[in-house]
Amino acid sequence: MFDIQEIRSQFSILDREVNGKPLVYLDNAATSQKPNSVLEVCHAYYTELNANVHRGIHTLSQLATEEMELSRRKIQKFINAEHDFEVIFTKGTTEGLNLIAYILTQKLQKDDEIIISYLEHHSNIVPWQMLCERTGAKLRVIPIDENGILQMDHFDQFLNEKTKVVSVNQVSNALGIVNPVEEIIAKTRKNTDAYIVIDGAQSAPHFNIDVQKLDCDFFVFSGHKMYAPMGTGILYGKREILEALPPFHGGGEMIATCSFEGTTYAGLPFKYEAGTPNVGGNIALGAAVDFMNRVGHTHIQNHENALLDYAQRQLLEIEGIKIYGEKAKRTGVVSFNLEGVGIASDVGMILDKMGIAVRTGHHCTQPIMNFFNIAGTVRASFAVYNTFEEIDILVEGVKKAQRMLS
């Protein structure tokens, strides 16, 4: 049974008021709120287990190590990785993408090509630009149409023997558009031997992820967008690929032997986990996976899709509203502007006075905004604890903003 009130009761922050109004939190694409079960795990680590991992023979160190490695196995199952050592703890999606772009440096040379899309977050643009600067490779960008949908005929034209990397997000953070990653992966496999990278920052909170079924080489996502603490994330990489590529950071934990004459590197996953990890956060990421599993992926997806459908229908009744990506397959996000209202942030500030938290601006996707010739949008994004009543409050808030600003 899906009981929205029981789910909401697990998030203490939802009981607070903002500007004298009950909080309506609709900024989940930026970060989700955390259930009490996750917060309790964080608190328990620092009050009962606090110790460094993998390095001590004393009891606290061993217990902390066991808890973090249990979390790794939970995440392995969550994304259906073949091996737990293919699951690398990171600070988030941004670090994961930078890590991949760095360790692929030696695999690219002048005039090789990297394919990304117009729908990417800056985190899936800038690291590849930097890789191009290091190697002389060239960036190819899959364009979008007026609905924000990728023009796959251009992708077909881009694929050739020079293609060495294809990196796309599964869901756009700015528009919520679900991209055809299965088709992209299949075509890449058929026509090239390129590395395939999937940015799952906006899909892992909403979808059932199966990296073996996807057959991607890398999959990255952030914990804080899926009910876990900030500063947590995962890089999945296929065993044979990670074993063949060089480390990212050097330091403690990632070595097998170290001397002034030379260093050999540890096996997976420690080869890519230099230094003291965010132990409490990594353990809590496993607790967030437990929370999502208890609710159930089907319940999460069905509820959030119903919220999106309801929000779009209600907002479209407002005269002069423009929803970007309206006709595309989307999840979790409605991104819009009001005709005659020049600055999205003005709408956001009025909504905030009503206790409604949305995101305004370019959402770290300036190329998308440039395509639509706008400075930014108002973005409402949903999680499993949001309600239809909150959407009604949002709609009334947008109407009020329109009256005040038009």
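Here the structure is a predicted model, which is why all the values come from computation and not from measurement.

Our next topic: the packing of aromatic side chains. Taken as a whole and judged by the stated rule, the model has 13 aromatic pairs. An aromatic cluster is built from Phe-11, Tyr-227, Phe-291 and Tyr-385, whose rings are joined through pairwise contacts.

Taken as a whole, the protein is organised into domain 1 (4-30 + 296-405) and domain 2 (39-294). Here domain 1 and domain 2 have C-alpha centroids that lie 28 Å from each other. Facing the 35 residues of domain 1 at the interface are 33 residues of domain 2. Where domain 1 abuts domain 2, roughly 2,800 Å² becomes buried across the two surfaces, and 61% of that area is made up of carbon and sulfur atoms. The tally of links from domain 1 across to domain 2 stands at zero salt bridges. On inspection of domain 1 and its partner domain 2, the count reaches 17 residue pairs in polar contact (both at pLDDT 80 or more). Breaking the side of domain 1 that touches domain 2 down by element, the ones donating at least two residues are helix H11 (297-315), strand E14 (333-338) and helix H13 (366-371). By residue number, the principal contributor to the side of domain 1 that touches domain 2 is H13, which donates five residues. Per-class residue counts for the side of domain 1 that touches domain 2 are 18 nonpolar, 12 polar and five charged.

Let's shift gears to the pattern of salt bridges. Taken as a whole and assessed by the stated rule, the structure comprises 19 salt bridges. In this structure, Asp-215 engages Lys-238 in a salt bridge whose closest nitrogen and oxygen atoms are separated by 2.6 Å. Pair noted here: Asp-215 is in the loop between helix H8 (211-214) and strand E9 (218-222) and Lys-238 is in the loop between strand E10 (233-237) and helix H9 (239-244), with a separation of 23 residues, a long-range link. Using a relative accessible area of 28% as the deciding quantity, one classes Asp-215 as partly exposed.

The rules behind the values
Residues numbered from 1 in each chain as written. Predicted model: local features only at pLDDT ≥ 70, side-chain atom pairs only at ≥ 80, totals over all residues. Heavy atoms only, no water. Phe/Tyr/Trp six-rings, centres within 6.5 Å; stacked < 30°, edge-to-face > 60°. Domains from an automatic or database assignment. Contact = heavy atoms within 4.5 Å. Buried area = accessible area lost by both parts, 1.4 Å probe. Salt bridge = Lys/Arg side-chain N within 4 Å of Asp/Glu carboxyl O. Polar contact = N/O pair within 3.5 Å; in protein donor to acceptor, adjacent residues only side chain to side chain. Helix = DSSP H or I, 4+ residues; strand = E, 2+ residues; numbered from the N terminus. Nonpolar A, V, L, I, M, F, W, Y, C, P; charged D, E, K, R; others polar. Buried < 20%, exposed > 50% of the residue type's maximum accessible area, 1.4 Å probe, protein only.

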